[in-house]
Amino acid sequence: MSQFHFQPIKGQVETILKTILKSPEVSSYHLKETMVLRLACEEIVMNVASYAYPEGAEGFLDVNIEKTDRIVIRFEDGGMPFNPLEQKKPDTTLSWKKRRIGGLGILLTIRMMDDVRYAYVDNKNVLTIEKVIA
């Protein structure tokens, strides 16, 4: 199991992603699976870094990674409570010019992962993604 603590997170998205992808649990995947995990992790990390904390707050992000017959990545932040799974799904039937901005990243994450869960525990947002190992 790998555990990482990042603080501050503003301006650190690429560093955080590289650390996650270099973890023993993730780096042992084939390229296709790694790209799927990267896309999901990038969406989550970018959203936490951009929206979880008020302007000027440094914030933190803890990432825990486990690998058994699946890979489980848990993201915890102390930002404002926000359940991305309860947000209105974007209308993908509209042309890109008519669509609202936002929402596609979490929709892609849900579709790419085998399980996505959210909880608010001990004043922390906890978003967990799981991918079955093929």
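Just above, that's the structure.
So, a few notes on the structure that sits alongside this text. (Residues numbered from 1 in each chain as written. Predicted model: local features only at pLDDT ≥ 70, side-chain atom pairs only at ≥ 80, totals over all residues. Heavy atoms only, no water.)

1. A closer look at the pattern of salt bridges
If you walk through the whole model with that rule in mind, you get seven salt bridges. Between Glu14 and Arg38 there is a salt bridge, and its shortest N-O distance comes to 3.3 Å. Taken together, the residues Glu14 in helix H1 (residues 13-22) and Arg38 in helix H3 (residues 31-52) connect sequence positions 24 residues apart. (Salt bridge = Lys/Arg side-chain N within 4 Å of Asp/Glu carboxyl O. Helix = DSSP H or I, 4+ residues; strand = E, 2+ residues; numbered from the N terminus.)

2. Describing the nonpolar core
The biggest cluster of nonpolar side chains holds 30 residues, and the ones touching the most others in it are Ile20, Ile73, Phe75 and Ile129. At eight residues, the largest contribution of residues to this core is made by H3. Residues within four places of Ile73 in sequence aside, it is in contact with Val26, Leu37, Cys41, Val63, Asn64, Ile65, Leu127, Thr128 and Ile129. (Core = buried A, V, L, I, M, F, W, Y, C linked by side-chain atoms within 4.5 Å. Buried < 20%, exposed > 50% of the residue type's maximum accessible area, 1.4 Å probe, protein only. Contact = heavy atoms within 4.5 Å.)

3. Focus on the sheet that holds strand E2 (residues 61-67)
Pairing is antiparallel across the open sheet formed by five strands, whose spatial order is E1-E2-E3-E5-E4. For this open sheet the edge positions go to strand E1 (2-6) and strand E4 (115-121), each flanked by a neighbour on one side alone. Ignoring which end each strand starts from, the neighbouring axes of this sheet average 15° apart. In this structure, E2 lies alongside strand E3 (residues 70-77), joined through seven bridges in antiparallel fashion. Opposite Val63, over in E3, you have Phe75 as the bridge partner. (Pairing = 2+ DSSP bridges. Axes fitted to C-alpha atoms, helices over the stretch in contact; angles between N-to-C directions.)

4. Digging into H1
Among the residues of H1, those classed as buried are Val13, Ile16, Leu17, Ile20 and Leu21. In a view along the axis of H1, the buried residues occupy a sector of 130°, so they form one face of it. (Arc of directions from axis to C-beta.)

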